[in-house]
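Residue strings, one per chain:
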Amino acid sequence: MERIVVLTGAGISRESGLDTFRDADGIWSRYDIEDVCTPDAFRRDPALVDRFYNDRRAELRRVGPNAAHLALARLEEAARTGAWHGEILVITQNIDDLHERAGNRNVWHMHGELLRVRCASCGGTPEWHADCLPETPCPLCGRPSLRPDVVWFGEIPLHMPRIEAALGACDLFVSIGTSGTVYPAAGFAALVEGHAETLEINLEPSVASARFDRFMTGPATRMVPRWVDEVLAG
Ligand code: APR
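Residues numbered from 1 in each chain as written. Predicted model: local features only at pLDDT ≥ 70, side-chain atom pairs only at ≥ 80, totals over all residues. Heavy atoms only, no water.

Chemist: Describe the site of the ligand, with residues and values.
Modeler: The environment of the ligand is formed by 23 residues, the closest being Phe 21, Arg 22, Thr 178, Ser 179 and Asn 202. A distance of 2.8 Å separates an oxygen atom of the ligand from a polar atom in the backbone of Ala 10. Here Gly 177 contributes a backbone N or O atom positioned 3.2 Å from an oxygen atom of the ligand. Surface burial for the ligand is 95%, taken as the share of its 740 Å² of free accessible area covered by protein chains. Of all the cavities here, the one that holds the ligand is the largest pocket. The class makeup of the residues in the shell around the ligand is eight nonpolar, ten polar and five charged. Taken domain by domain, the makeup of the shell around the ligand includes at least three residues from each of domain 1 (1-17 + 65-111 + 157-233) and domain 2 (19-62 + 114-150). (Near = heavy atom within 4 Å. Polar contact = N/O pair within 3.5 Å; in protein donor to acceptor, adjacent residues only side chain to side chain. Areas by Shrake-Rupley, 256 points an atom, 1.4 Å probe, with all protein chains shown as cover. 1 Å grid on protein atoms, 1.4 Å probe; cavity = no way out; pocket = protein on both sides within 12 Å on 5 of 7 lines; lining within 4 Å. Sits in = over half its atoms within 2 Å of the grid points. Nonpolar A, V, L, I, M, F, W, Y, C, P; charged D, E, K, R; others polar. Domains from an automatic or database assignment.)

Here is the structure:
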């Protein structure tokens, strides 16, 4: 049984039409992190933060999964049908739902989900809907304490205990489309050193590339299907 853990970043969704963060035309070239992606930003101006995420929800509604997302779904499907004797877990830094729309079910969003909100009172994460505003009562507890279900800078990413357990038990760790600049994801390759092989798929070397055994250079829509074909061919 081959256990593969895949980490994805904004680069895997780039060819679907969603901007990355740190490329020349990226999100952080147009917005200041301090204005839209910290707890203080939300306390200071919740309406601005809501507009930022509503703009990204509108963009997400206009795009779909690309060949890279679909290739990862093909690998999970092969594990489900027994065509491939392995298992794949997708840990994503992305808050879009393109992995799920491609067909992957084993997906952990360590930075949260754009299409959910989170109640600061009861901790529930109901689905976001168009008239969800900061003062909208939480559908689960009724208190007006909804916020985007997104992990902001300075907050603790989600699922870390089980992520560390999965990394500790994997045979192959694959990083796709991430600059390797934000921890803890940037440290995952170091966590698997000594017990798993490592592969990085990116347009260009990332900050973390030196930690990887193998590198596939090129757009995710070309390289991820090629890599999945390799895995399925055994
Ligand atoms: N195919 C493969 N890789 C690509 C492609 C592509 N078509 N286009 C861009 N990339 C790569 C870039 O080379 C870069 O290494 O995707 C990476 C995008 O890096 P970032 O913009 O930094 O995005 P990411 O690594 O996901 O950011 C991590 O930072 O802002 C926070 O919470 C946010 O989850 C995000 C985290």
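Back to the text.
Chemist: Give me the packing of aromatic side chains: which residues, what numbers.
Modeler: Counted under the stated rule, the structure contains eight aromatic pairs. Here the aromatic rings of Phe 173 and Phe 188 are separated by 6.4 Å at their centres, their planes lie at 70 degrees, and the arrangement is edge-to-face. Of this pair, Phe 173 sits in strand 6 (residues 172-176) while Phe 188 sits in helix 8 (residues 188-192); the two residues are 15 residues apart in sequence, bridging distant segments of the chain. You'll find Phe 173 and Phe 188 in the same group, each marked buried. The ring of Trp 152 carries Arg 147 above its face, with NZ or CZ at 3.9 Å from the centroid. (Phe/Tyr/Trp six-rings, centres within 6.5 Å; stacked < 30°, edge-to-face > 60°. Helix = DSSP H or I, 4+ residues; strand = E, 2+ residues; numbered from the N terminus. Buried < 20%, exposed > 50% of the residue type's maximum accessible area, 1.4 Å probe, protein only. Lys NZ or Arg CZ within 6 Å of the ring centre and 35° of its normal.)

Chemist: Outline the sheet that holds strand 1 (residues 2-8), listing residues and values.
Modeler: On the basis of which strands lie adjacent, the open sheet formed by six strands has the order 3-2-1-6-7-8 and parallel pairing. Each having just a single partner strand, strand 3 (107-109) and strand 8 (214-217) make up the two edges of the open sheet. The mean angle between the axes of side-by-side strands here comes to 20 degrees, regardless of whether they run parallel or antiparallel. Each of strand 1, strand 2 (86-92) and strand 6 is contacted by helix 5 (residues 67-81), which is oriented at about 145 degrees to strand 2, the strand it contacts most. Here helix 9 (residues 220-233) sits on the sheet and contacts strand 1, strand 6, strand 7 (197-202) and strand 8; the angle it forms with strand 8, its principal contact strand, is near 135 degrees. (Pairing = 2+ DSSP bridges. Axes fitted to C-alpha atoms, helices over the stretch in contact; angles between N-to-C directions. Contact = heavy atoms within 4.5 Å.)

Chemist: Any details on the UniProt feature "binding site: substrate" (unreviewed entry) in the protein? Residues and values, ideally.
Modeler: Under the UniProt annotation, "binding site: substrate" (unreviewed entry) lies at Tyr 53 and Arg 56. Those annotated residues lining the largest pocket are, specifically, Tyr 53 and Arg 56. Inspection of the secondary structure puts Tyr 53 in helix 4 (residues 46-61). According to the relative accessible area criterion, Tyr 53 is buried, its value standing at 0%. Once you skip the residues sitting within four places of it in the chain, Tyr 53 turns out to touch Val 36, Cys 37, Ile 95, Leu 114, Pro 148, Val 150 and Trp 152. In this fold, Arg 56 is placed in helix 4. Residue class for Arg 56 comes out buried when judged on its relative accessible area of 14%. When neighbours within four sequence positions are excluded, Arg 56 is seen to be in contact with Phe 21, Ile 27, Ile 95 and Leu 114. (UniProt positions renumbered as here; feature names shortened; annotations may be inferred.)

Chemist: Could you give an account of the domain arrangement of the protein, with specific residues and numbers?
Modeler: Along its sequence, the protein is organised into domain 1 (1-17 + 65-111 + 157-233) and domain 2 (19-62 + 114-150). Inter-centroid distance (C-alpha atoms) of domain 1 to domain 2 is 25 Å. Interface area for domain 1 against domain 2, summed over the two sides, is near 1000 Å², with a carbon-plus-sulfur share of 56%. Together, Ala 10, Arg 14 and Ile 95 form the three largest contributors to the area buried by domain 1 at its contact with domain 2, with a combined 48%. Inspection of the region where domain 1 meets domain 2 yields two salt bridges. (Buried area = accessible area lost by both parts, 1.4 Å probe. Salt bridge = Lys/Arg side-chain N within 4 Å of Asp/Glu carboxyl O.)

Chemist: So what about the nonpolar core? Which residues, and what values?
Modeler: Ranked by size, the top nonpolar core spans 24 residues in total, and within it Ile 4, Leu 72, Val 174, Ile 176, Ile 201, Val 224 and Trp 227 carry the most contacts. When residues of this core are traced back to their parent elements, those giving at least two are strand 1, helix 5, strand 2, strand 6, strand 7 and helix 9. Considering every element that reaches this core, the biggest residue donor is helix 9, with six residues. Sequence-distant contacts of Val 174, that is, excluding residues within four places in its chain, are made with Ile 4, Val 5, Val 6, Leu 7, Leu 199, Ile 201 and Trp 227. The next biggest cluster of nonpolar side chains, apart from the first, holds 19 residues, and it includes Leu 89, Ile 91, Met 110 and Val 192. (Core = buried A, V, L, I, M, F, W, Y, C linked by side-chain atoms within 4.5 Å.)

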